[in-house]
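# Tertiary structure, described
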Amino acid sequence: AAGVWEESKGLYDFYRLAKLLPEHQIVLAGLTPEQQAALPPEILGLGPISDPRELAALYTAATVFVNPPREDTFPTVNLEAQACGTPVITYDSCGSPETLLPGGRVVPVGDIEALAQAIGQLPAAPGDPSALDQNRAMEQYLHLYRQCAGRSL
């Protein structure tokens with residue numbers, strides 16, 4: 001949300017996705033004023049977010065976090081969204097698939113219809129047992145942290 005939005009990060013894929021999902025609200029954070037002005041009306045554009053609490057609130061409020069990068073060596077935004085209990089849908093590119101927890105989805109690069117389909121397949125109710133919840137994500141990260149902390153680096 002604080003990085004540079006460009007084609008390699010999937011900016012224009014959201015334009016196409018918005019046309020396929022008119023019943024969903026797409027929110028993009030980290031846009032320049034020029035990018036915000038150029039957005040189609042179906043997309044809500046926000047500027048950069050530097051406050052971690054504000055960013056966490058945005059992740060938590062989302063039903064799903066869609067990250068369609070064509071180039072990204074290690075997308076920490078996936079980890080941030082999941083730490084807030086939000087499932088992630090991403091492309092099968094770069095390091096994105098390796099960052100997903102159970103409940104996340106991977107689709108082929110550039111396949112906007114597969115992105116839309118994956119969004120439609122998410123559990124409808126937050127109480128659905130297959131949904132990734134914040135407590136489970138936190139437990140998984142704590143477990144991983146404890147494993148790493150026990151090793152001498």
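Below you will find a few notes about this structure. Predicted model, so just to flag it, every value in this text is computed and none were measured. (Residues numbered from 1 in each chain as written. Predicted model: local features only at pLDDT ≥ 70, side-chain atom pairs only at ≥ 80, totals over all residues. Heavy atoms only, no water.)

### Digging into the pattern of salt bridges
The cut-off we apply is this: A pairing counts as a salt bridge when a side-chain nitrogen of Lys or Arg comes within 4 Å of a carboxyl oxygen of Asp or Glu. Going along the chain from the N terminus, every DSSP run of H or I of four or more residues is numbered as a helix, and every run of E of two or more is numbered as a strand. For every residue, the accessible area obtained with a 1.4 Å probe (protein chains only) is divided by the maximum for its type, and the residue is called buried under 20%, exposed over 50%, and partly exposed between those limits.
Counted according to the given criterion, the structure contains 3 salt bridges. Between Asp13 and Arg16 there is a salt bridge whose closest N-O contact spans 3.7 Å. Of the two residues, Asp13 and Arg16 both sit in helix 1 (residues 11–20), 3 residues apart, roughly one turn of that helix. For Asp13, a relative accessible area of 6% translates into the label buried. Across the pair Arg70 and Asp13 runs a salt bridge, and its minimum N-O distance is 2.6 Å. Of this pair, Arg70 sits in the loop between strand 3 (65–67) and helix 4 (76–83) while Asp13 sits in helix 1, and the two are 57 residues apart along the sequence. Counted as one network, the salt bridges with shared partners bring together Asp13, Arg16 and Arg70.

### Focus: the side chain of Asn78
The line we're drawing: Under this definition, polar contacts are N or O atom pairs within 3.5 Å; protein pairs additionally need one hydrogen-donor-capable and one acceptor-capable atom, and for neighbouring residues in sequence, both atoms have to be side-chain atoms. Contacts are assigned to residue pairs with any non-hydrogen atoms lying within 4.5 Å of each other.
In this structure, Asn78 sits in helix 4. Here the side chain of Asn78 touches Asn67 through a polar contact of 2.9 Å, side chain to side chain. Non-local contacts of Asn78, meaning those with residues more than four positions away in its chain, are made with Phe65, Asn67, Val88, Thr90, Ser96, Thr99 and Leu100.

### Here's the deal with the packing of aromatic side chains
For the record, the criterion: Aromatic contacts are taken between Phe, Tyr and Trp rings whose centres are within 6.5 Å, Trp giving its six-membered ring; a plane angle under 30 degrees counts as stacked, one over 60 as edge-to-face, and the others as tilted.
Taken as a whole and assessed by the stated rule, the structure comprises 3 aromatic pairs. When the centroid spacing of 5.3 Å and the interplanar angle of 70° are considered together, the rings of Tyr12 and Tyr15 count as edge-to-face. Here Tyr15 and Tyr12 lie together in helix 1, a separation of 3 residues that amounts to about one turn. Given a relative accessible area of 43%, Tyr12 falls into the partly exposed group.

### Things to note about helix 4
Note the cut-off: Note that the arc is computed from the directions linking the helix axis to the C-beta atoms.
All buried positions along helix 4 are accounted for by Val77, Asn78, Ala81 and Gln82. Taken around the axis of helix 4, the buried residues stretch over an arc of 135°, which confines them to a single face. With its phi angle positive at about 85°, Gly85 sits one or two positions after the end of helix 4.

### Brief notes about the environment of Glu7
The residue Glu7 is located in the segment before helix 1 in this model. Among the residues examined, Glu7 registers a relative accessible area of 53% and is labelled exposed. Residues Glu7 and Glu71, spaced 64 residues apart in sequence, show a C-alpha to C-alpha distance of 9.5 Å.

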